[in-house]
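Here is how the chains run, residue by residue.
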Amino acid sequence: MIYFFTGAGMAADSGLPTFRASDGLWEQHDINLVCNFDRYRLDTNVRQLTREFYNARKLQYGDAQPHAGYAAIAQLQQKTPVTVITTNIDLLHEKAGTQDVIHLHGQVDQMSCATCLHYWHIGDEAFQPDDCPACGSGITKPGIVFFGEPAPQYETLYQIANDLTEDDIFVVVGTSLNVVDPIHLIRSMQRLPRIVMIDPNIPNSARQYGAECIAAPALQGVCDWIATLDANQD
């Protein structure tokens, strides 16, 4: 099995701004207002600001198109077992044709309930005040994991890491490893899959954990790595 773990750097090559870069979205918005679970639940003004922020993201993501790296992963999935895990909330993997993507931090076509944590699909509709269809709570939010909020899919990531074997390949693309570090997780569980790290700025920890490091942007690195994989299989 081949696993791809993609972060903001993957989407950046499709023109989407990252959150944490020096010119990223958090430099332009107060993270304690637009992505804080406790404040969202308690303050109606914060809810409005947050919905406006993520509605703008939704429009931006809707216009974005997947680059060739996304297409290469989708095409590879048609030939061999591939699972994609992403911290990104956009749907670029799905637009490229990848199936069953695991979104660790939620996704932009969902709403969620701040009371019972139920998630539901809203497609292209704007984020707006609504009642939870599961429990009836009026405190609902974009289906994106905020700071201070449980992340339901983390358990899925832990299970995947625990089940890895030496026959698996785990490819990490476009992330600083600062928020979620799957390489540390895998090695802390004493699992020994082949790990590949693709990013222009390779974190020192990736090398320390024995990852094969490709210092390249996501678009170039993913396409080149999959081409090499295909050549070796031929």
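Every value quoted in this text rests on a predicted model; they were computed, and no experiment measured them. (Residues numbered from 1 in each chain as written. Predicted model: local features only at pLDDT ≥ 70, side-chain atom pairs only at ≥ 80, totals over all residues. Heavy atoms only, no water.)

Membership of the largest hydrophobic core comes to 42 residues, with the highest contact counts inside it found for Ile-2, Phe-4, Val-171 and Trp-225. With five residues, helix H11 (residues 218-233) is the single largest residue contributor to this core. Among residues more than four places away in sequence, those in contact with Ile-2 are Leu-76, Thr-80, Pro-81, Val-82, Thr-83, Ile-169, Val-171, Trp-225 and Leu-229. Listed in part, the 21 residues of the second largest apolar core include Phe-5, Ile-102, Ile-186 and Met-197. (Core = buried A, V, L, I, M, F, W, Y, C linked by side-chain atoms within 4.5 Å. Buried < 20%, exposed > 50% of the residue type's maximum accessible area, 1.4 Å probe, protein only. Helix = DSSP H or I, 4+ residues; strand = E, 2+ residues; numbered from the N terminus. Contact = heavy atoms within 4.5 Å.)

Our next topic: the pattern of salt bridges. Evaluated as defined, the whole model comprises three salt bridges. For Arg-41, the salt bridge goes to Asp-38, with nearest N and O atoms at 2.6 Å. Here Arg-41 and its partner Asp-38 are both found in helix H4 (residues 37-42), three residues apart, which amounts to about one turn of the helix. Between Glu-149 and Lys-141 there is a salt bridge, with its nearest N and O atoms 3.0 Å apart. Considered together, Glu-149 and Lys-141 belong to a single accessibility category, that of buried residues. (Salt bridge = Lys/Arg side-chain N within 4 Å of Asp/Glu carboxyl O.)

Take the UniProt feature "active site" (unreviewed entry) in the chain next. Taking the numbering used here, the UniProt-annotated feature "active site" (unreviewed entry) corresponds to His-105. Take His-105: it is sitting in the loop between strand E3 (102-103) and strand E4 (106-113). If we ignore the near neighbours within four places in the chain, the residues touching His-105 are Thr-86, Thr-87, Ile-89, Gly-143, Ile-144, Val-145, Tyr-154, Val-179 and Val-180. (UniProt positions renumbered as here; feature names shortened; annotations may be inferred.)

One pass over the structure, following the stated rule, counts seven aromatic pairs. Measuring from centroid to centroid gives 6.0 Å for Phe-4 and Trp-225, while their planes differ by 85°, and the two rings are edge-to-face. One end of the pair, Phe-4, is in strand E1 (residues 2-6); the other, Trp-225, is in helix H11, with 221 residues separating them in the sequence. This pair shows no difference in class: Phe-4 is buried, exactly as Trp-225 is. (Phe/Tyr/Trp six-rings, centres within 6.5 Å; stacked < 30°, edge-to-face > 60°.)

Before going further, it helps to spend a moment on the sheet that holds strand E5 (residues 119-121). The three strands are arranged E5-E4-E6 in an open sheet whose pairing can be described as antiparallel. Looking at strand neighbours, the two that pair on one side only are E5 and strand E6 (140-144), the edges of this open sheet. Neighbour-to-neighbour, the strand axes of this sheet turn through a mean angle of 40°, independent of strand direction. Pairing of E4 with E5, which is carried by three bridges, proceeds in the antiparallel orientation. Note on E5: the bridge partner recorded for Met-111 is Trp-120. (Pairing = 2+ DSSP bridges. Axes fitted to C-alpha atoms, helices over the stretch in contact; angles between N-to-C directions.)

With respect to the secondary-structure elements, Gln-107 resides in strand E4. By relative accessible area, which is 15% here, Gln-107 ends up buried. With 14 residues separating them in the primary sequence, Gln-107 and His-121 have C-alpha atoms 9.4 Å apart. In contact with Gln-107, not counting residues within four places along its chain, are Ile-89, Leu-91, Gly-143 and Ile-144. A distance of 2.9 Å separates a polar atom in the side chain of Gln-107 from a polar atom in the side chain of Asp-109. (Polar contact = N/O pair within 3.5 Å; in protein donor to acceptor, adjacent residues only side chain to side chain.)

Attention now moves to the sheet that holds strand E9 (residues 212-214). Pairing in this open sheet of six strands is parallel, and the strands run E3-E2-E1-E7-E8-E9 from one edge to the other. Every interior strand has two partners, whereas the edge strands, E3 and E9, have only one. With three bridges connecting them, strand E8 (residues 194-198) and E9 associate as parallel partners. Bridge pairing in E9 places Ile-198 opposite Ile-214. Each of E1 and strand E2 (82-86) touches helix H6 (residues 68-77); the most contacted strand, E2, lies at about 145° to it.

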